[in-house]
Amino acid sequence: MAERRIGRAAFLGTIGLGGLALVFGERIQGSLQSSLQHRLPALADVLPLSGWRIYAINPPWPTFDPAAYRLRVTGEVERPLDLAWKELAALPSVRQTSDFHCVTGWTVDGVHWQGVRLQTLWDMAKPTPRARFARFVSMERDYVDTLALDQTTLPDVMLAHHMDGRPLSRAHGAPLRLVIPDMYGYKNVKWLTRIELTHSLVPGFWEQNGYDVDAWVGRSNGY
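Read on for a plain summary of the structure. Note that the structure is predicted; figures quoted are calculated from it, not measured.

## Notes on the nonpolar core
In globular proteins that are soluble, nonpolar side chains generally tend to be buried together.
Item 1. With 39 residues, the main nonpolar core has Leu71, Leu118, Leu121, Trp122, Phe136, Leu159 and Ile195 as its most contacted residues.
Item 2. Elements supplying a minimum of two residues to this core: β4 (70-75), β5 (81-84), α4 (85-89), α5 (118-125), β8 (133-138) and β13 (192-198).
Item 3. For this core, the leading source of residues is α5, giving four residues.
Item 4. Leaving out residues up to four positions away in the same chain, Leu121 has contacts with Leu71, Val73, Leu81, Leu83, Leu91, Leu159 and Ile195.
Item 5. With 19 residues, the next largest nonpolar core counts Ala56, Met163, Leu168 and Val179 among its residues.

Below is the structure:
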């Protein structure tokens, strides 16, 4: 059976704004929400073309509790990790500036990120020879995505906890999000809580809805 590609606009039109939040500072509500549901394919005609659009598949957004948060690294590793927020925040951090590209066509230039390189976690967890992929699991229900293990150590890939000089906001994935500038935004998993190293590829949420597994900017499907 041929694969059927579903763009974000088509997906939004299928489930409505009640199931997928598109946010500009605050959530679209009430009668405005209802009036937009039938115009979603033309959203770019009625909403700003610059700046962030915040997508979620199961709103409301997850809430970060520093006392309860854990980042777990499991699967094909010799030493599974279960890191409290204080432990994670104490790991060596790096800074970078990179552009963010959404598959639907918008870009935010020059985003300042600070966070942890994934190699730091791999050095702690010791991936086994069977580890070929890293599966990133969000606190947002059903949102997962996967990178090949060698993609996780590309020069600009990190787990970011700060953006533009401030701790990540709830809208941008607090407390931790994946950043991979060379791929479209749906690979940049927000509200990260678990990383599972696997031998086999497990397609992520958007890949199961027709998007490319390797979402290279300018070289994969979308608008």
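## What about α5?
Item 1. All of the buried residues in α5 are Leu118, Leu121, Trp122 and Ala125. Down the axis of α5, the buried side of the element spans an arc of 100 degrees, and every buried residue falls inside it.
Item 2. One or two steps after α5, the chain reaches Lys126, where phi turns positive at roughly 60 degrees.

## Concerning unusual backbone geometry
Item 1. In this model, Pro59 is joined to Pro60 through a cis peptide bond whose omega is 5 degrees.
Item 2. By the element assignment, Pro60 lies in the loop between β3 (54-56) and β4.
Item 3. Omega for the bond connecting Ala174 with Pro175 falls within 30 degrees of zero, at 10 degrees, which places this linkage in the cis form.
Item 4. Along the chain, Pro175 turns up in the loop between β11 (166-167) and β12 (177-179).
Item 5. The backbone phi angle of Lys126 is positive, close to 60 degrees, even though this residue is not glycine.
Item 6. Considering the arrangement of structural elements, one finds Lys126 in the loop between α5 and β8.
Item 7. We note that Trp191 has phi near 50 degrees; this positive angle belongs to a residue other than glycine.
Item 8. By secondary structure assignment, the location of Trp191 is in the loop between β12 and β13.
Item 9. Given a relative accessible area of 0%, Trp191 falls into the buried group.

## A look at the pairing of strand β10 (residues 158-163)
Item 1. Across the six residues that make up β10, a large majority, five, are buried.
Item 2. Pairing geometry for strand β7 (residues 107-116) and β10, over four bridges, is antiparallel. The partner of Trp113 across the bridge, within β10, is Met163.
Item 3. Bridge count between β10 and β12: three bridges; the pairing is antiparallel. Across the sheet, Ala160 pairs through a bridge with Arg177, a residue of β12.

## Quick notes on the pattern of salt bridges
Note on pairing: side chains with opposite charge can pair once their charged atoms come close.
Item 1. In total, this model carries eight salt bridges according to the counting rule given.
Item 2. The residue Glu76 makes a salt bridge to Arg130 at a minimum N-O spacing of 3.2 Å. Of the two residues, Glu76 is situated in the loop between β4 and β5 and Arg130 in the loop between α5 and β8; the sequence distance between them amounts to 54 residues.
Item 3. A residue is classified by how much of its surface remains accessible, and Glu76, at 21% relative accessible area, is partly exposed.
Item 4. Measuring nitrogen to oxygen at the nearest pair gives 2.6 Å for the salt bridge that ties Asp145 to Lys187.

## Overview of the pairing of β5
Item 1. Sheet topology note: the β4/β5 ladder contains four bridges and is antiparallel. Across the sheet, Val73 pairs through a bridge with Leu81, a residue of β5.
Item 2. Following β4, the chain reverses through five residues before pairing antiparallel with β5.

## Quick notes on the environment of Pro80
Item 1. Along the chain, Pro80 falls in the loop between β4 and β5.
Item 2. As a C-alpha pair, Pro80 and Ala125 span 45 residues in sequence and 5.7 Å in three-dimensional space.

## A few points about the sheet that holds β13
Within a sheet, adjacent strands bond to each other through the backbone by hydrogen bonds, running parallel or antiparallel.
Item 1. Read across the open sheet, the five strands follow the order β5-β4-β13-β8-β9; overall the sheet is mixed. Lying at the two open borders of the sheet, with one neighbouring strand each, are β5 and β9 (144-148). Across the sheet, the mean angle separating the axes of adjacent strands is 15 degrees when strand polarity is ignored.
Item 2. Relative to β13, β8 is paired through six bridges, and the arrangement is antiparallel. Paired with Ser138 across the strands is Leu192, a residue of β13.
Item 3. In this fold α5 packs onto β4, β5, β8 and β13, with an angle of close to 125 degrees to the strand it touches most, β5.

What counts, and where the lines are drawn
- Residues numbered from 1 in each chain as written.
- Predicted model: local features only at pLDDT ≥ 70, side-chain atom pairs only at ≥ 80, totals over all residues.
- Heavy atoms only, no water.
- Core = buried A, V, L, I, M, F, W, Y, C linked by side-chain atoms within 4.5 Å.
- Buried < 20%, exposed > 50% of the residue type's maximum accessible area, 1.4 Å probe, protein only.
- Helix = DSSP H or I, 4+ residues; strand = E, 2+ residues; numbered from the N terminus.
- Contact = heavy atoms within 4.5 Å.
- Arc of directions from axis to C-beta.
- Pairing = 2+ DSSP bridges.
- Salt bridge = Lys/Arg side-chain N within 4 Å of Asp/Glu carboxyl O.
- Axes fitted to C-alpha atoms, helices over the stretch in contact; angles between N-to-C directions.

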